[in-house]
Amino acid sequence: MNKVWHKGLPFSAEVAPYLRRMALVDEHREALLRLQGVWDSLALLGQMSGTAADIAQTRTAFQDLTTTLLDSLARRLRTHALARMDGRARVAIDILVRNLFERTADVGFLASDGPLCAHAALDPVAPGHAASRAALQARFAAYTAKYSVYDDVIVLSPSGEVLARRDDGIALPACDEDWIADALASGAPYVERYGPTALLGGRHGLIYARPLRARDGVVGLLCLSFRLDDEMATIFRQLLADQDQHAVICLLDSGHRVLQSSDPWQIPPGAQLQPQGERLLFAGRDYLCATARASGYEGYLGPAGWMACVLTPLEWAFEAEDDRALDEELRRLGETVDTRQLFDAELQGIPLEARRIQRNLSRTLWNGKLHSHARAGQGGAGFATTLLNEVQRTGGQLRQVFEQAIAKLQNSALAEIYEGTLFQARLAIDIMDRNLYERANDCRWWALDVRLQSALAEQTAGRDTPQAQAAAAEAQKVLQHINGLYTVYSLLLVFDLQGRVVAVSDPAQAHHVGQCLDAPWVRAALGLRDPERHVVSRHEPNALYGAADAAGRPTYVYATSLQHEGQVVGGIAIVFDGEPQFAAMLRDALPTATAGTPAATGLFVTRDGRVVASSDPRWQAGDPAPLKPATLANLAAGQTLHCELDIAGMVYAAGVAMSQGYREYRHGQAATSEDVAAVLLQPLGPRVPSLPAIADAGFLPPPTQATGQDLDIAAFSVSGEWLGLPAELIVEALEQPRLTALPNAPRALVGMLQHGGRMLPVLDLGLALYGRATDARDTPVVVCRNDAGQSLALRVEELGPVFSIAAAQALPSPGNRARLVRGAEASPHRMLTLLSAADLWVHVGLSVEPGQAALPAP
């Protein structure tokens, strides 16, 4: 991997352009380099103590680890910033494309509207043309009252003359732009056109057009003007949270020209952007850049080449990481959950490597102190011991800096996950609100179709008459045509005043015709007199959504009344194809899974705790949700919360967002048990078993009582107890030496090691003294030699201080040869047991049974 040097340290080339903007990297770099400067001074002084080589080796190890930590941190900052921006770009274009898909269906439906086609075919000089135009404008008003996404509906003649329009404020008798002629000649289901047009007073607009056809051919052109500015402003507002206040989201065309911008002062519409990978230079300012094209919805990809782009000025791109304060709740969570899966292998290894280096340093310094005490009569030993203590303190500070850096990364990672769950939950519920907005509007739109109204009116005169049967057949054709345009429904149907099904959109489900529907939503729909109102069923199993002989699958049914000449003559119901549609919504809202990271789960849940849909098969529609019942009870519309959940041994970060509706849909409605919230679950890891809090079990030596008869002691711990040996018996401590198995040996003799050309037995002191084996991982082995020249190796847990006391401070222990040394007043562990050589070699001689305590526990 190519490296680039920055302020004396090598970094990966991919992060080099951003390092001077990464304050968090500089913060840790300065702290580590300050301590390493101290280390350099100590290494020079170490020349006088004979330990300089070992100190230099440890300094090199810490230097390498510093490089790894800072480079990993920088790469992580870059990766997270780009991932956050890429996610917002993807969401921006996908939400827009989902919306525009509905527009392609709307223009197809409205182009088949009878009164509209009749007016387009009417001779402009024919009697009644003015009245027809007024009636059509009123009809447009009725349509746009239900769909506020349109700012104009226009009908043109084949020659471009404006026959009728919703917006009377634009005085334009005719329009002869080339695209109109192309649209009139098109055989496509719709024509999509963005740009300036005289049809909209010269402003830019997104228009969906379709020819109006009669028996004699094309009689006009229908144009629906979509409120793109208004829609993009809503998307920008939802995606730019407080921490992204410096970011700019743009909608670009295929040539990277800006169509819409969340901040026109920074990136104005019409600007031509030229991204160079993940960076962009515009107007002298350097940006981090992420672009995304549409994922597609129901096969529709949006206007050709359109994409979303998120830009963040480099000076702010990494600020969210720097400003995130440590949260005590997140710190607690990090301590009680195994969060290793949140980090890559390199970051996981840094604290382990720091501890390994620290252990090796402790072993080196322990040996150095032994040698210093051995030279006590030669002068300079006091200086050497002071120097070694300072080296040990500096090494501990370095390790602490590494651990604090990793802890801050862990806290930051958890905070990112919780922020992400809330963002994705808000996204999921927004997608659902937008989708169900369309469903609520569709049934009211289609209730305006005069063919459906007439078909139901005929049923009131007698359903067995030829006229009624012909009208029912016509209604089936209309419903089938509509369902072909709007593919998110499994079935459309109309029913009479008795709830009897008159016609359905799917011939394969014709068995429903003639059935009498008896559900609360049917009676509620027939009771509606206001054409602006609709009803929706509970989310529950419905026989209209499933096999003929089954109770059906859970879904929503939207319905409203059909009125003819001011009288209710029946109703129209649309059965939402809930299973695949809700699955697609959750799929679009879930974060992109990365290698090594467990996939998130998304759910839609009713306020009373029933699952509407889930991306995880563990929760099926109708099942109880994995939330406490009170979690959603008092959540207001649009409100969010996050929490942690324990599910089947795994801890999840949960983000919850309650529905707030979209535009006029559900706006201001009172809370009900049927309100839906989105829940996003991100696995964090298994819960770490809680351990009782224990104090630091270190041992602090007592102050020396000067008597001239000093005793040097080397301390170490075994099975949580502090032991010591006269320093004169210790040769040195080794780092995890390779052991050779000793066949048929007692348990306490765990093997043999080679040292100084001889094979030495290795005694596990934990087993020998207390019957508890010492963990062989990362534990030192102490080599000692008795007065007879016999050598023995001891496996211990941790090395302690090397210190001197007056001989009188070693108190006799009743019943054995050991002596007791009382620690300093501030020592967490108050007593150390001083062993004798005989206490050790007796085990090698097997005069005490393995596992039987030779000494009482202190």
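Throughout what follows, the structure given in this document is the object of discussion. (Residues numbered from 1 in each chain as written. Predicted model: local features only at pLDDT ≥ 70, side-chain atom pairs only at ≥ 80, totals over all residues. Heavy atoms only, no water.)

**Thoughts on the overall build of the chain**
When helices and strands are tallied, the chain shows 16 helices and 35 strands. The buried share of the chain, reckoned over its 858 residues, is 54%. In the chain, 65% of the contacts between residues at least 6 apart in sequence involve partners at least 24 apart. Summed over all atoms, the accessible surface of the chain reaches about 36,900 Å², with 52% contributed by carbon and sulfur. (Helix = DSSP H or I, 4+ residues; strand = E, 2+ residues; numbered from the N terminus. Buried < 20%, exposed > 50% of the residue type's maximum accessible area, 1.4 Å probe, protein only. Contact = heavy atoms within 4.5 Å. Areas by Shrake-Rupley, 256 points an atom, 1.4 Å probe, with all protein chains shown as cover.)

**Here we look at the pairing of strand β13 (residues 489-495)**
Along β13, seven of the seven residues are buried, which leaves the element largely enclosed by surrounding structure. With six bridges connecting them, β13 and strand β19 (residues 567-576) associate as antiparallel partners. Residue pairing in the sheet places leucine 491 in a bridge with valine 575 of β19. Relative to strand β14 (residues 501-504), β13 runs antiparallel, the two being bridged by three bridges. In the sheet register, phenylalanine 495 faces β14, and the bridge partner there is valine 501. Two successive antiparallel strands, β13 and β14, enclose a turn made up of five residues, where glycine 499 displays a positive phi of approximately 85 degrees. (Pairing = 2+ DSSP bridges.)

**Digging into the pattern of salt bridges**
Applying the stated rule across the entire model yields 35 salt bridges. The shortest N-O distance in the salt bridge between lysine 3 and aspartate 71 comes to 3.3 Å. A residue pair is termed long-range when its members are at least 10 positions apart, and lysine 3 in strand β1 (residues 3-6) and aspartate 71 in helix α2 (residues 52-110) qualify at 68 residues. The class for lysine 3 is partly exposed, based on a relative accessible area of 41%. Taking the relative accessible area as the measure of exposure, aspartate 71 reaches 4% and is therefore buried. In this structure, a network of salt bridges that share partners links the residues Arg538, Glu540, Asp608, Arg610 and Glu674. (Salt bridge = Lys/Arg side-chain N within 4 Å of Asp/Glu carboxyl O.)

**Quick notes on the nonpolar core**
Residues Leu222, Trp446, Val494 and Phe604 are the most contacted members of the largest nonpolar core, which totals 141 residues. At 23 residues, α2 tops the list of elements feeding residues into this core. Apart from the residues within four sequence positions on either side, tryptophan 446 is in contact with Phe109, Leu452, Ile482, Tyr486, Tyr489, Leu492, Leu562, Ile572 and Ile574. One finds Ala768, Cys784, Leu840 and Trp841 within the second-largest nonpolar core, a separate group that totals 29 residues. (Core = buried A, V, L, I, M, F, W, Y, C linked by side-chain atoms within 4.5 Å.)

**Quick word on the pairing of strand β22 (residues 640-647)**
In summary, the side chains of a regular strand alternate between the two faces of the sheet. Here β22 runs beside strand β23 (residues 650-658); their pairing, made up of eight bridges, is antiparallel. Bridged to threonine 640 within β23 is alanine 657. Between the antiparallel neighbours β22 and β23 lie two residues, among them alanine 648 with a positive phi of about 50 degrees.

**Observations regarding the packing of helix α11 (residues 450-461) against helix α12 (residues 466-485)**
How two helices pack is summed up by the angle between their axes together with the distance between the axes. Where α11 meets α12, the axes come as close as 8 Å, and the angle between the chain directions of the two elements is 150 degrees. Regarding the angle of α11 to α12, the classification is roughly antiparallel. As for the relative orientation of α11 and α12, their crossing is left-handed in sense. Along its contact with α11, which presents Arg451, Leu452, Ala455, Glu458 and Gln459, the element α12 presents Gln467, Ala468, Ala471, Ala472, Glu474, Ala475, Val478 and Leu479. (Axes fitted to C-alpha atoms, helices over the stretch in contact; angles between N-to-C directions. Parallel < 35°, antiparallel > 145°, perpendicular 65-115°, else oblique. Left-handed = near helix turned anticlockwise from the far one by under 90°.)

**Here's the deal with the environment of leucine 528**
Following the sequence through the fold, leucine 528 ends up in the loop between α13 (520-526) and β15 (535-536). For leucine 528, a relative accessible area of 5% corresponds to the buried category. For the pair leucine 528 and alanine 559, spaced 31 residues apart in sequence, the C-alpha separation works out to 9.9 Å. In this structure leucine 528 touches Arg533, His534, Val535, Ala559, Thr560, Ser561, Gln563 and Val568, once residues within four positions along its chain are discounted.

**Examining the packing of aromatic side chains**
Counted by the stated rule, this structure contains 19 aromatic pairs. Between the aromatic rings of phenylalanine 109 and tyrosine 143, the centroid separation amounts to 6.4 Å while the plane-to-plane angle is 80 degrees, which identifies the pairing as edge-to-face. Residue phenylalanine 109 is located in helix α2, and its partner tyrosine 143 is located in helix α4 (residues 129-146); the two are separated by 34 residues in the primary sequence. Residue classification places tyrosine 143 among the buried residues on the basis of a relative accessible area of 1%. A network of ring pairs unites the aromatic residues Phe109, Tyr143, Tyr150, Trp445, Trp446, Tyr486 and Tyr489 as a single cluster. Just above the ring of phenylalanine 423 sits the side chain of arginine 88; from NZ or CZ to the centre is 4.1 Å. The lysine or arginine in question, arginine 553, covers the ring of tyrosine 545, its NZ or CZ lying 3.9 Å from the ring centre. (Phe/Tyr/Trp six-rings, centres within 6.5 Å; stacked < 30°, edge-to-face > 60°. Lys NZ or Arg CZ within 6 Å of the ring centre and 35° of its normal.)

**Things to note about the sheet that holds strand β31 (residues 791-795)**
With respect to topology, five strands assemble into an open sheet ordered β27-β30-β31-β29-β28, the strand pairing being mixed. Only two strands of the sheet have a single neighbouring strand rather than two, namely β27 (730-735) and β28 (749-755). The average angle at which neighbouring strand axes cross in this sheet is 30 degrees, direction not considered. Pairing geometry for β28 and strand β29 (residues 758-764), over six bridges, is antiparallel.

**Notes on α12**
For α12, built from 20 residues, the straight-helix expectation of 28 Å at 1.5 Å per residue is met to within 8% by its first-to-last C-alpha distance of 29 Å. Those residues of α12 not exposed but buried are Ala468, Ala471, Ala472, Ala475, Val478, Leu479, Ile482, Asn483 and Leu485. Axial view of α12: buried residues confined to an arc of 145 degrees, hence all on one face. Exposed residues pointing more than 90 degrees away from the buried face of α12 are listed as Pro466, Lys477 and Gly484. (Expected span 1.5 Å × (residues − 1). Arc of directions from axis to C-beta.)

**Notes on the side chain of arginine 139**
Checked against the element boundaries, arginine 139 lands in helix α4. Judged by its relative accessible area of 16%, arginine 139 falls in the buried class. At a separation of 2.4 Å, a polar atom in the side chain of arginine 139 contacts the main-chain carbonyl oxygen of leucine 448. Apart from residues no more than four positions distant in its own chain, arginine 139 is found in contact with Asp113, Pro115, Leu448, Asp449 and Val450. (Polar contact = N/O pair within 3.5 Å; in protein donor to acceptor, adjacent residues only side chain to side chain.)

**Topic: the sheet that holds strand β35 (residues 831-834)**
The strand order across the open sheet formed by six strands is β32-β25-β26-β35-β34-β33, and the pairing between neighbours is mixed. For this open sheet the edge positions go to β32 (798-806) and β33 (810-812), each flanked by a neighbour on one side alone. Taken over all neighbouring pairs, the strand axes of this sheet differ in orientation by 35 degrees on average, direction set aside. Strand direction decides the pairing type here: strand β25 (residues 710-718) and β32, joined by seven bridges, are antiparallel. Note that in β32 the partner of phenylalanine 716 across the bridge is leucine 799.

**Things to note about the packing of helix α3 (residues 114-121) against α4**
Two elements in contact, α3 and α4, have axes whose closest approach is 10 Å; the angle formed by their N-to-C orientations is 145 degrees. The handedness of the crossing between α3 and α4 is left-handed. Of the residues in α4, those in contact with Pro115, Leu116 and His119 of α3 are His129, Ser132, Arg133, Leu136, Arg139 and Phe140. Residue composition of the contact of α3 with α4, grouped by class: four nonpolar, three polar and two charged. (Nonpolar A, V, L, I, M, F, W, Y, C, P; charged D, E, K, R; others polar.)

**Section: the side chain of asparagine 441**
In this structure, asparagine 441 sits in helix α10 (residues 381-446). For asparagine 441, a relative accessible area of 2% translates into the label buried. At 2.3 Å, the side chain of asparagine 441 and the side chain of arginine 444 are in polar contact.

**Describing unusual backbone geometry**
A positive phi angle, close to 65 degrees, is found at histidine 256, a residue other than glycine. Taking the relative accessible area as the measure of exposure, histidine 256 reaches 25% and is therefore partly exposed. Here alanine 648, not a glycine, exhibits a phi torsion of approximately 50 degrees, which is positive. Considering the arrangement of structural elements, one finds alanine 648 in the loop between β22 and β23.

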